[in-house]
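An overview of the molecular structure
Letter by letter, the chains look like this.
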Amino acid sequence: MNIVVCIKQVPDTESVIKIAGDGKSIDTGDIKWVMNPYDEFGVEEALRIVKDQGGEVTVVGAGPARVVEALRTALAMGADKAVHIQDDDLYGADPIAVAKMLAKAIEPLSPDVVFFGQRAVDDDSGVVSSAVAEYLGMPQLSVITKLEIADGKVKGTRPIEGQTVVLEASLPAVISAQKGLNEPRYASLPGIMKAKKKPLETKTPADLGAERSDFIEIATLNPPPDRAPGKTVEGETAQELAANLAKLLKEEAKVI
Amino acid sequence: MDFEISENLRMMVDTVRRFVKQDLEPISQQVEDEDRIPEDVVQTMRELGLFGLATSEKYGGLEVGTLGECLVYEELSKVNACFRTRIGTNNGIGSQGVAIDGTEEQREKYLPLMASGEWIGCFALTEPEAGSDASNVQTTAELDGDTWVLNGRKHFITNGDIADCATVFALTDREKKARGGITAFVVEKTDPGYFVGTIERKMGMRGSHTCELIFDDCRIPKDRVIGGDAMIGHGFKTAMKTLDKGRLTMGASALGSAQKLLELSIDYAKQRVQFGKPIAEKQAIQFMLADMATQIYAARHMLYHAAWLRDTKGTSVIKEASMVKLFCTNMANKIADMAVQIHGGMGYMKDFPVERFYRDLRLTRIYEGTDEIQRVVIARNLLAEGK
């Protein structure tokens, strides 16, 4: 089984996000970058499939030089090799433009399965996996929490409002992974030492024959509104306090 | 000067940080209450490679270097001291005797078992009459044909109750004592006459046990002398060399706990309201926080510098290691005191982790060489430098 996992490097969810001076991008100065958490499900699933059925796992990531760190994390988890599409200007680009580049890099690897996280936690667009499936002419099973691969076929389960839908397709196919698919392993310390020696290939968009074409661009980024200050419930007696609290919950907070 | 930490080490720190958050923080109180670490967590520690940080790659370890080891200890010590202690003997005093002075056969046999965490090693030097005066060991070893026969009692042995093998120091010449009369042995738990005695009742460090080891006509093969027959009588030097490195990692552990206490104190000071305002707005609290952060900054830089000296210059850091242990552990104890003060009554309650850190940290000024012994080492080196 030849498996490709596409990963995106995103700000750590604990990072404090500040909007940059241009109003369209984030200030990346103090940000700690990590592998998109949903992509970890893809890496883990790929490693499990290869352990059972044999094969090789290649991780692919696009963006500036720092993206190599996320690729190395995947190698430390156990992936066999990595391809880095280096483009310093790609972070925040149109997902379709990114998908085109990824498709160009993935095609020559002739994978049986291509994994993505169902979305990236930074821009939440969730478009890239579907676009890559389209460019590669592969079926896509999206937002999958359970997966079986056998006899050239893939069967995936997606949860929908208290129910599940089971999807089937023939390989090769694109899968986007949802939380619940598995428990991603740690990049162990021995794994980190081994990752140093694994092949990591760097390609430019020009090497891939990919031309950057953005259909959309970010117009503005708005910070979340400041949190409203707390309100002290007034009242002399317990009864008064409770009555005033109930009134606030009903009329202002509108939760009862 | 370059203070950049390598990508590899940063990745390792990330993994340990994540492990602490996901797997250790949620069970820290449970470990405290039950006085034991669940086996599945120990298994994850093995898989992560935490038992073989120091051991060379040749014997199945990771060889992450002194700085690497210190960074891992720092992270692990932000949650509960017992987790660091569990891996501590295999990376340090439990394996270093064999690693530094052992024969090739001994290294090949014991180091991979300890690096993987399959075996736990411990270090049995201390006795009721041999604490800081470590040369005063009373345990004896006599050669009887092809076997050594050990008799005596060790105490305060960290991980002694779970150890599969122990580095044991015994008198082989009563007259010579530390000057050629003490020999280091590897004793396995299955050796006849090896017994685990009382598990000591401690002030803190719950989840990690220290206990007595008793040797009652304990018979071990002749080839268990660390370093072979040529090392008979030279065990005290092995003990001193083993303890040297541990002093830096002990500093790292104190530093990690101090950093955590500062973070807990800042969080608490921001949310605790008295006289209508968060106590973080009071200058008395601000000054304590400022002093804590300043001390941590100083401690971190002396620790990293000493680790860097040892890793890159290959210089002996005996004096610096003692300075680091003395400064970092005292600093952490002062910070624990301030953290309790900032938390007020809550700081004295077992519902908050500061109370546990306060108790656990007290030991760091005592074990693996007391404050006073560190000062003796520093002064001895200072005075010798002038000669």
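Residues numbered from 1 in each chain as written. Chains lettered and ligands numbered in written order. Predicted model: local features only at pLDDT ≥ 70, side-chain atom pairs only at ≥ 80, totals over all residues. Heavy atoms only, no water.

1. Looking at the overall build of chain B
Secondary structure assignment for chain B yields 12 helices and nine strands. Taking 2.2 N^0.38 as the reference for a compact globule, 387 residues should give roughly 21 Å; the C-alpha atoms of chain B span a radius of gyration of 21 Å, in line with that estimate. Projected onto its principal axes, the C-alpha coordinates of chain B cover approximately 80 × 50 × 40 Å. Counting the 387 residues in chain B, one finds 55% classified as buried. The contacts of chain B with a sequence gap of at least 6 include a subset with a gap of at least 24, amounting to 74%. Of the roughly 17100 Å² of accessible surface on chain B, 53% is carried by carbon and sulfur atoms. Seen as two clouds, the 48 positive and the 56 negative side-chain charges of chain B have centres 5 Å apart. (Helix = DSSP H or I, 4+ residues; strand = E, 2+ residues; numbered from the N terminus. Rg over C-alpha atoms; globule rule 2.2 N^0.38 Å. Buried < 20%, exposed > 50% of the residue type's maximum accessible area, 1.4 Å probe, protein only. Contact = heavy atoms within 4.5 Å. Areas by Shrake-Rupley, 256 points an atom, 1.4 Å probe, with all protein chains shown as cover. Lys, Arg positive; Asp, Glu negative; His and termini not counted. Charge placed at Lys NZ, Arg CZ, Asp CG, Glu CD.)

2. Remarks on the interface of chain A and chain B
Tallying the contact residues gives 16 residues for chain A and 22 residues for chain B. Overall, the association of chain A and chain B removes approximately 1600 Å² of surface from exposure, summing both partners, and the carbon and sulfur fraction of that is 57%. When the area that chain A buries against chain B is broken down by residue, the three leading residues are A:Y186, A:L189 and A:M193, summing to 44%. At the junction of chain A and chain B, the tally comes to five salt bridges. (Buried area = accessible area lost by both parts, 1.4 Å probe. Salt bridge = Lys/Arg side-chain N within 4 Å of Asp/Glu carboxyl O.)

3. Regarding the confidence of the model for chain B
On average, residues of chain B carry a pLDDT of 95, and 99% of them reach 70 or more. Scored as a whole, the predicted complex attains pTM 0.90, and scored at its interfaces, ipTM 0.88. (pLDDT = per-residue confidence, 0-100.)

4. Re the environment of B:L248
All names here are of chain B. Topologically, L248 is positioned in helix α8 (residues 235-271). Sequence separation between L248 and A321 is 73 residues, and the spatial gap between their C-alpha atoms is 5.4 Å. If sequence neighbours within four positions are ignored, L248 has contacts with T66, C70, L303, A306, A307, R310, V317, A321 and V324.

5. Topic: the sheet that holds strand β9 (residues 153-160) of chain A
All names here are of chain A. One open sheet holds the three strands; their spatial order is β8-β9-β10, and the pairing between them is antiparallel. Among the strands making up the open sheet, the edge pair consists of β8 (146-150) and β10 (163-170). Neighbouring strand axes in the sheet, compared pairwise and without regard to direction, differ in orientation by 15 degrees on average. The sheet contact formed by β9 and β10 spans eight bridges and is antiparallel. Among the inter-strand pairings, R158 is bridged to a residue of β10, identified as V165. (Pairing = 2+ DSSP bridges. Axes fitted to C-alpha atoms, helices over the stretch in contact; angles between N-to-C directions.)

6. Section: the packing of helix α4 (residues 65-76) of chain B against α8(B)
Residues and elements named next belong to chain B. Running from N to C, α4 and α8 cross one another at 35 degrees; their axes reach a closest spacing of 7 Å. The handedness of the crossing between α4 and α8 comes out as right-handed. Only K245, L248, T249, A252, S253, L255 and G256 of α8 make contact with α4, whose side of the interface consists of T66, E69, C70, Y73 and E74. Of the residues contributing to the contact of α4 with α8, the split by class is five nonpolar, four polar and three charged. (Left-handed = near helix turned anticlockwise from the far one by under 90°. Nonpolar A, V, L, I, M, F, W, Y, C, P; charged D, E, K, R; others polar.)

7. Quick word on unusual backbone geometry
What is expected of a backbone is that most residues other than glycine have negative phi and most peptide bonds are trans. With an omega of -5 degrees, the peptide bond between A:L171 and A:P172 qualifies as cis. Mapped onto the fold, A:P172 is located in the loop between β10 and β11 (173-177). A positive phi angle, close to 60 degrees, is found at B:D35, a residue other than glycine. Tracing the chain through its elements places B:D35 in the loop between α2 (28-34) and α3 (39-48). Non-glycine residue B:K177 carries a positive phi angle of around 45 degrees. Its location among the elements puts B:K177 in the loop between β4 (165-171) and β5 (182-188). Here B:K177 falls in the partly exposed class, since its relative accessible area comes to 33%.

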